[in-house]
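Survey of secondary and tertiary structure
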Amino acid sequence: MAASSRPLSPRNVTVTDPFWAREMALIRQAVIPYQWEALHDRVPDAAPSWWAHNMRAAARAVAAKKAGKLYLAAHHSDKIETLPEEGKAPLEDAFYGFVFQDSDGYKWLEAVAYQLMAKPDPALQAQAQEAVDMICAAQEEDGYLDTFYTLTGRERAFTNLRDNHELYCLGHLVEAAVAWHQATGREDLLDAARRFAGCVAEKFGPGKERGCPGHEIAEMALLRLYEETGETQWKNLAEFFLNVRGTEPSTFALEENARRREKGQPELPVTAARYAYHQAHMPVREMKEAVGHAVRQMYLCCGMADDARLSGDQDMAAACQRLWDSVVHEKLYITGGVGGTHVGEAFSRPYDLPSDTAYSETCAAIGLAFFARRMLQLAPKSGYADVMEQALYNTVLSGMALDGQSFFYVNPLEVDPDACESDARLRHVKPVRQKWFGCACCPPNIARIVSSLGSYIATQTDDTLFFHLYIGHDQKVVLNGQEISLRMEADLLKSGEVRLSVLSGQADGVLAFRDPAWAGNAHVVIPAGVKSWSEEGYLYAKGHWKEGDTVTIHFTMPVKAVTASPLVRETLGQVCFTRGPLVFCAEEADNGKPLHLLFACPDRVAEAQEKTMLIDSVPLPALTVPGKRMRAPAEHAPLYQPWTPADLEDTLITLVPYFAWGNRGKGEMRVWLREDKE
Ligand code: FUB
Ligand code: ZN
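What comes next concerns the included structure.

1. Let's talk about the overall build of the protein
Looking only at helices and strands, the protein features 18 helices and 24 strands. The C-alpha atoms of the protein give a radius of gyration of 26 Å, which matches the 26 Å a tight globule of 678 residues would have. A fraction of 70% describes how many contacts in the protein between residues 6 or more apart in sequence connect residues 24 or more apart. With an accessible surface of roughly 25700 Å², the protein has 52% of that area assigned to carbon and sulfur atoms. Computing the positive centroid from 69 side-chain charges and the negative centroid from 90, the protein places the two 1 Å apart.

Right, here's the structure in full:
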């Protein structure tokens, strides 16, 4: 088996790319401070987060318990409301929000840790330390750490792994703790994470209780904890969770039946097949199709891919590949989004990719990028990086406004604000980004993936450095024990010109450059004496690299007209436009409305013009493409009439990057345009 690769640490990568450096700075200067305020419920008119509230209330509960007092609070959310038992806890210490509210702060902290790795910042670190201290204070004496159960009844802990997200909160805690440890060297949060993981490991595992997370992430997080600490018990626990998933009798069914017995309800069959929504319908190594809740499926794939890498389990790797193929060949939006249906925020059947009712949660695209990076670590094949890039440049970024102060949870490919506001079937689709959400999983998830961009740009083995993304950056890397500093100059939003220079040092090794699917013929110039070959979509260049060496690559980056497979019913006869990794869309702000009267002329795509447009003061690439506009019918024209040729007039359609839509007020948006058949 070829050696697997590891991501670069954000510490060793400085992003200098004109576009992505702005995104990184935005996260650091605007998003992280904004989210800190949101976590403390101090953003006017925004949905409350309750994070700080719940942490502080749980700390009081833990202190009260240590003093031998009873402490049981109420729980308020849009779904559940319970009252505290008389005299046990003050009403102001009620638990508010969803059961997984703790995870929002963990993601924020993880994002901060990556930012600190990239650039020390004592004030930001002090703020993050405050969060760490709040978390540690909320941890129970035996290591348990989940404010929902600490506040509302610890005796119910671990009784509903399917729905109540304790192991999801554990996973996010571990992710944050490892990043915090790497950023600061501090053990505080890592110890808290170990203690909670230890508490879980006391209950679940071989020879103990069976059980697995209802919302995956603990698997990949525990494997990361293992990689960070070398402590094998975390790998064992992750593998236990992976191996128990989907086996009979279903652990989710057993726990559900226990709850039903308590309520005097009849028991349900204990067959695993009922739990496809939670990816617990069959053993993981047998899985073939991406199903159920999209974020859960993506996070499961991440855990599986990490385990395949760390254990060399070929059956696991094969299952990852089948799930990858299922997503990429049948269930992936052109925008890099996944999870087409709002019913359960889930994957739908193959080729069901509706544009206007799309769910395409921001977190699911983030999960896909995580999965892609892990597949790249297993085997460097350019197709994985193509999808990672597609997700990053399109749906991941569309989840956040250009000013970093509002967010999309759902990322449709077609929006008519009037329809969203009047049609209950579109209730999930917001025509403008929101300041915060009751369920705020997406905003801090964007912060953490963008802050760790350096880990997606490249991965390495001991002797090979793989460039997966063409994002301008400086990095330090050790190849064959020799450190070199490299600079990549790139600006894909403008052109496909890439230049890699060795800034200092020298090393014998291989530099591998991805040949993106969007590129036309690449023209590559490498130093004399460097041996090169191509494999799985990468150009390998092996030699003795030294200061002053350069590699230049010219990728042609034409505007392309793209159609979906005719099996995608929704987009048949429609076309969209891409350039490089960017998907473009039409907005009302440039084209008027209704946008569904626009027809694009894909056969004239060569006439597309590129220009720079200021959107919310950010210079971004825009396109004009030739098209037609159907004349709107006269007022009171009949609903039906005898067929006549469509009345079309020539027009130029203006397109902007999909990620930048919705930054100029409320208006219609379409990615897919009807195709002019003439
Ligand atoms: O359940 C936790 C998170 O909330 C999921 O990942 C999102 O889809 C949202 O449901
Ligand atoms: Zn989300």
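Once the structure has been displayed, the description carries forward.
2. Quick look at helix α1 (residues 18-39)
Compared with the 32 Å implied by 1.5 Å per residue over 22 residues, the 30 Å span of α1 between its first and last C-alpha is a close match. Taking the largest bend as the criterion, α1 deviates by roughly 40°, centred on I27. If you check the start of α1, you find a side-chain oxygen 3.0 Å away from the backbone N of F19, and it comes from D17. Two residues or fewer after α1 comes D41, characterised by a positive phi angle close to 60°.

3. As for the packing of aromatic side chains
Counted under the stated rule, the structure contains 29 aromatic pairs. When the centroid spacing of 6.2 Å and the interplanar angle of 50° are considered together, the rings of Y34 and F407 count as tilted. Of this pair, Y34 sits in helix α1 while F407 sits in the loop between α14 (382-398) and β6 (414-415), and the two are 373 residues apart along the sequence. Taken as a pair, Y34 and F407 share a single burial class, namely buried. Ring geometry for F240 against F241: centres 6.1 Å apart, planes inclined by 55°, an arrangement best described as tilted. By relative accessible area, F241 is classed as buried at 0%. By the ring-pair criterion, three or more aromatic residues cluster together here, those being F19, W20, Y393 and F659. Its end group placed over the ring of Y456, R373 keeps NZ or CZ at 4.9 Å from the ring centre. One Lys or Arg, K531, reaches over the ring of W533 and ends 5.3 Å from the middle of that ring.

4. Description of the site of ligand 1
Within the structure, ligand 1 sits among F100, H165, Y168, H215, H293, V295, E345, E361, Y409, C439 and C441. The separation between an oxygen atom of ligand 1 and a polar side-chain atom of Y409 is 3.4 Å. Protein chains shield 95% of the accessible area of ligand 1, which is 270 Å² for the free molecule. Considered class by class, the residues forming the shell around ligand 1 number 6 nonpolar, 3 polar and 2 charged.

5. Some thoughts on the pairing of strand β20 (residues 609-615)
Bridge count between β20 and strand β21 (residues 618-630): 7 bridges; the pairing is antiparallel. Pairing of E610 across the sheet is with L623, part of β21. Adjacent in sequence and paired antiparallel, β20 and β21 are bridged by 2 residues, among which D616 carries a positive phi angle near 45°.

6. Examining the coordination of the zinc ion (ligand 2)
Those protein atoms acting as donors to the zinc ion (ligand 2) are E361 (OE), C363 (SG), C441 (SG) and C442 (SG), and they sit at 2.1 to 2.3 Å. Seen from the zinc ion (ligand 2), its 4 donor atoms lie at angles of 93 to 118°, and the figure they make is tetrahedral. Each donor residue of the zinc ion (ligand 2) lies on the same chain, and together they follow the pattern E-x1-C-x77-C-C. Judged by relative accessible area, C442 falls into the buried class, the value being 0%.

Rules used in this analysis
- Residues numbered from 1 in each chain as written.
- Chains lettered and ligands numbered in written order.
- Predicted model: local features only at pLDDT ≥ 70, side-chain atom pairs only at ≥ 80, totals over all residues.
- Heavy atoms only, no water.
- Helix = DSSP H or I, 4+ residues; strand = E, 2+ residues; numbered from the N terminus.
- Rg over C-alpha atoms; globule rule 2.2 N^0.38 Å.
- Contact = heavy atoms within 4.5 Å.
- Areas by Shrake-Rupley, 256 points an atom, 1.4 Å probe, with all protein chains shown as cover.
- Lys, Arg positive; Asp, Glu negative; His and termini not counted.
- Charge placed at Lys NZ, Arg CZ, Asp CG, Glu CD.
- Expected span 1.5 Å × (residues − 1).
- Bend = angle between axes of the 7 residues up to and from the residue.
- Polar contact = N/O pair within 3.5 Å; in protein donor to acceptor, adjacent residues only side chain to side chain.
- Phe/Tyr/Trp six-rings, centres within 6.5 Å; stacked < 30°, edge-to-face > 60°.
- Buried < 20%, exposed > 50% of the residue type's maximum accessible area, 1.4 Å probe, protein only.
- Lys NZ or Arg CZ within 6 Å of the ring centre and 35° of its normal.
- Near = heavy atom within 4 Å.
- Nonpolar A, V, L, I, M, F, W, Y, C, P; charged D, E, K, R; others polar.
- Pairing = 2+ DSSP bridges.
- Donors = N, O, S within 2.8 Å, 3.2 Å for Na, K, Ca; no water.
- Tetrahedral: all angles 85-135°; square planar, octahedral: opposite > 155°, others 65-115°.

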